[in-house]
Amino acid sequence: MKVKKFVASSMPEAMKRIRAELGNDAVILNSKIVYTGGFLGLFRKRCIEVIAAMDQVSNSRETRVKEKPINKMLYYEPVATQKENPMLKFIKAEENTSSEVIKELTEVKQLLQNISSTREDTVYPELLQHINQKLISQEIEASIRNELMVSLLEKWYTNRRDSTIDDVKRWCKEEMAERISMFRFGDISFSKKYVNVVGPTGVGKTTTLAKIAADSMLKFRKKVALITTDTYRIAAIEQLKTYAKILSVPLEVCYNLNDFKKACDTFKDYDVVLIDTAGRNFRDPRYVEELKNIIDYENEMETFLVLSLTSKQSDMEEIFKQFSSIDIKQFIFTKLDETATYGAMYNMIDKYQIGVAYLTNGQDVPDDKVSASAEVISKLILEDESDERSS
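Throughout what follows, the structure given in this document is the object of discussion. This structure is a prediction, so every number in the text was calculated from the model and none was measured.

**Overview of the overall build of the protein**
Looking only at helices and strands, the protein features 14 helices and 13 strands. Across the 391 residues in the protein, those meeting the buried criterion constitute 48%.

**Focus on the environment of Ser137**
Here Ser137 lies in helix H4 (residues 126-137). For Ser137, a relative accessible area of 42% gives the class partly exposed. On a C-alpha basis, the gap between Ser137 and Ile381 in space is 9.6 Å, while along the polypeptide they are 244 residues apart. Of the polar contacts made by the side chain of Ser137, one reaches the backbone oxygen of Lys134; its length is 2.8 Å.

**Notes on the packing of helix H12 (residues 343-352) against helix H13 (residues 374-382)**
Remark: H12 packs on H13, axes separated minimally by 9 Å, with the N-to-C direction vectors making an angle of 140°. Taken together, the axes of H12 and H13 lie oblique to each other. In this structure, H12 crosses over H13, and the sense of that crossing is left-handed. Along the contact surface, H12 presents Met345, Tyr346 and Ile349, while H13 presents Ile377, Ser378, Leu380 and Ile381. Of the residues assigned to the contact of H12 with H13, the class counts are 6 nonpolar, 1 polar and no charged.

**Points about the sheet that holds strand E10 (residues 301-308)**
Pairing in this open sheet of 8 strands is mixed, and the strands run E8-E7-E9-E6-E10-E11-E12-E13 from one edge to the other. Each having just a single partner strand, strand E8 (251-253) and strand E13 (369-371) make up the two edges of the open sheet. Each strand of the sheet is rotated relative to its neighbour by a mean of 25°, with strand direction disregarded. Contacting strand E6 (194-198), strand E7 (224-228), strand E9 (272-276), E10, strand E11 (328-334), strand E12 (356-360) and E13, helix H7 (residues 205-218) crosses the sheet at an angle of about 170° to E9. Docked against the sheet, helix H9 (residues 257-266) engages E6, E7, E8, E9 and E10, running at close to 175° with respect to E7.

**Looking at the state of the cysteines**
Per the counting criterion, the structure on display carries 0 disulfides. Not part of a disulfide, Cys264 finds its nearest cysteine sulfur in Cys254, a span of 7.2 Å. According to the relative accessible area criterion, Cys264 is buried, its value standing at 9%.

**Details of the pairing of strand E3 (residues 45-54)**
Counting buried residues in E3 gives 8 out of 10 residues, a clear majority hidden from the surface. As paired elements, strand E1 (residues 2-8) and E3 share 7 bridges and run antiparallel to each other. Bridge assignment links Phe6 to a residue of E3, and that residue is Val50. Pairing geometry for strand E2 (residues 27-36) and E3, over 9 bridges, is antiparallel. Paired with Lys32 across the strands is Glu49, a residue of E3.

**With respect to the sheet that holds E1**
Here 3 strands make up an open sheet; going across it, the order is E1-E3-E2 and the pairing antiparallel. The sheet is open, and its two edges are formed by E1 and E2, each paired on a single side. Going from strand to strand, the sheet's axes swing by 20° on average, the running direction of each strand aside. Here helix H1 (residues 11-22) sits on the sheet and contacts E1, E2 and E3; the angle it forms with E1, its principal contact strand, is near 145°. Lying over the sheet, helix H5 (residues 142-159) contacts E2 and E3, oriented at roughly 120° with respect to E2.

**Some thoughts on the nonpolar core**
Of all hydrophobic cores here, the largest spans 49 residues; its most connected members are Leu135 and Phe333. The greatest single-element share of this core, amounting to 7 residues, is contributed by H5. Apart from the residues within four sequence positions on either side, Leu135 is in contact with Ile140, Arg145, Leu148, Met149, Cys172, Met176, Ile381 and Leu382. Counting residues in hydrophobic clusters, the runner-up holds 24 residues, among them Ile212, Leu247, Val249 and Phe304.

**Topic: the packing of H4 against helix H6 (residues 165-180)**
Between H4 and H6, whose axes approach to 9 Å, the crossing angle comes to 45°. The pairing of H4 with H6 is recorded here as oblique in orientation. Regarding H4 and H6, the two cross each other, and that crossing is right-handed. Residue-level contacts link Leu127, Leu128, His130, Ile131 and Leu135 of H4 to Ile165, Val168, Lys169, Cys172 and Met176 of H6. Its residues placed into classes, the contact of H4 with H6 shows 8 nonpolar, 1 polar and 1 charged.

**Side note on the packing of aromatic side chains**
For the structure on display, the rule yields 5 aromatic pairs. Over the aromatic face of Tyr270 sits the side chain of Lys223, whose NZ or CZ is 4.5 Å from the ring centroid.

**Things to note about the side chain of Asn132**
One can find Asn132 in helix H4. Given the relative accessible area of 5%, Asn132 is considered buried. With near-sequence residues (within four places) excluded, Asn132 lies in contact with Tyr124, Arg145 and Met149.

**Observations concerning H4**
Look at H4: 17 Å from first C-alpha to last across 12 residues, which is about the 16 Å you get at 1.5 Å a residue. Restricting attention to buried positions, one finds in H4 the residues Leu128, Ile131, Asn132, Lys134 and Leu135. An end-on view of H4 places all buried positions within 160° of arc, on one side of the element. Packing partners of the buried residues in H4 comprise H5, H6 and H13. Glu139 occupies a position one or two residues after H4 and carries a positive phi of about 65°.

Rules behind the numbers
Residues numbered from 1 in each chain as written. Predicted model: local features only at pLDDT ≥ 70, side-chain atom pairs only at ≥ 80, totals over all residues. Heavy atoms only, no water. Helix = DSSP H or I, 4+ residues; strand = E, 2+ residues; numbered from the N terminus. Buried < 20%, exposed > 50% of the residue type's maximum accessible area, 1.4 Å probe, protein only. Polar contact = N/O pair within 3.5 Å; in protein donor to acceptor, adjacent residues only side chain to side chain. Axes fitted to C-alpha atoms, helices over the stretch in contact; angles between N-to-C directions. Parallel < 35°, antiparallel > 145°, perpendicular 65-115°, else oblique. Left-handed = near helix turned anticlockwise from the far one by under 90°. Contact = heavy atoms within 4.5 Å. Nonpolar A, V, L, I, M, F, W, Y, C, P; charged D, E, K, R; others polar. Pairing = 2+ DSSP bridges. Disulfide = S-S within 2.5 Å. Core = buried A, V, L, I, M, F, W, Y, C linked by side-chain atoms within 4.5 Å. Phe/Tyr/Trp six-rings, centres within 6.5 Å; stacked < 30°, edge-to-face > 60°. Lys NZ or Arg CZ within 6 Å of the ring centre and 35° of its normal. Expected span 1.5 Å × (residues − 1). Arc of directions from axis to C-beta.

This is the structure in structure tokens:
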């Protein structure tokens, strides 16, 4: 038996190397997410580590084994004591090993071979099938889903005798949360004075800004001011003026960079200045350039990209690319209450390695807003509506 460790950037890449070096009959013994490189714990690269094995017994001997029983044989058994890193080891079975155990171990090996191919038609144990279908229905990308299912399969073979569907859901939530836990989630940090929200038309930037303003005042006791550069829509200015009046905070309307600098000088004694921008067609590159001409991004500025959860992931990616010339601190996802599919949000976090500040779920200020976390997002994806109603 030849055993070898592979480290790759993704499971498909690992499988390609395993097949090239060990052949199509190789068996995955273990896989886990690892982090390599970096400096002082920062800028680490996420990789997947896979332990694979190949049985070097010749075909002729395999034929003899089938024809003639042998006294002892080798089979796989999960190591229950190594829960954090469940490895498979070889142990000897005595002559009286039951045929039922041999059959079960054969099924385990076959299942591991199936999962290693990362095919869509992989047959999982019954308790895992529900989770796999849930991830598919939530539109989690196949590469992410396959890595999650490999980890769940390892846990299942270690704990299956006592496992329930709730256990499997919990394992998956933990795996999903851990995968994105290194990114920043939750409320704005107030590490910089100016907070800017950008995004396409109709995602709810102005309402979201008002919610952040109210939260900053009521929860964090900050002295807040508002600036708007959305001079293309009179309704947008009036909407923000209404919020400013309700919250009793000052508002400045800026038409160019000089106006913006004057407004910043006016608000120099304030703790945080929240900036609303025009939500024009994100596919027009001139829009982002115009933003740069109005807003001084070199000043103490944090920028949040607002995206709607009702959008397609392909549109979200196009929006992100359009704003990529601006340093995006975190995402804000809106319209949580208008969809039941959240996989695109998780895919965006994983792909662009950016966390989420808030999730918004309605128009009420300041109530319809949730501070995001890796755990909250993982729960949204895996909980059924009936589960949410009963909790």
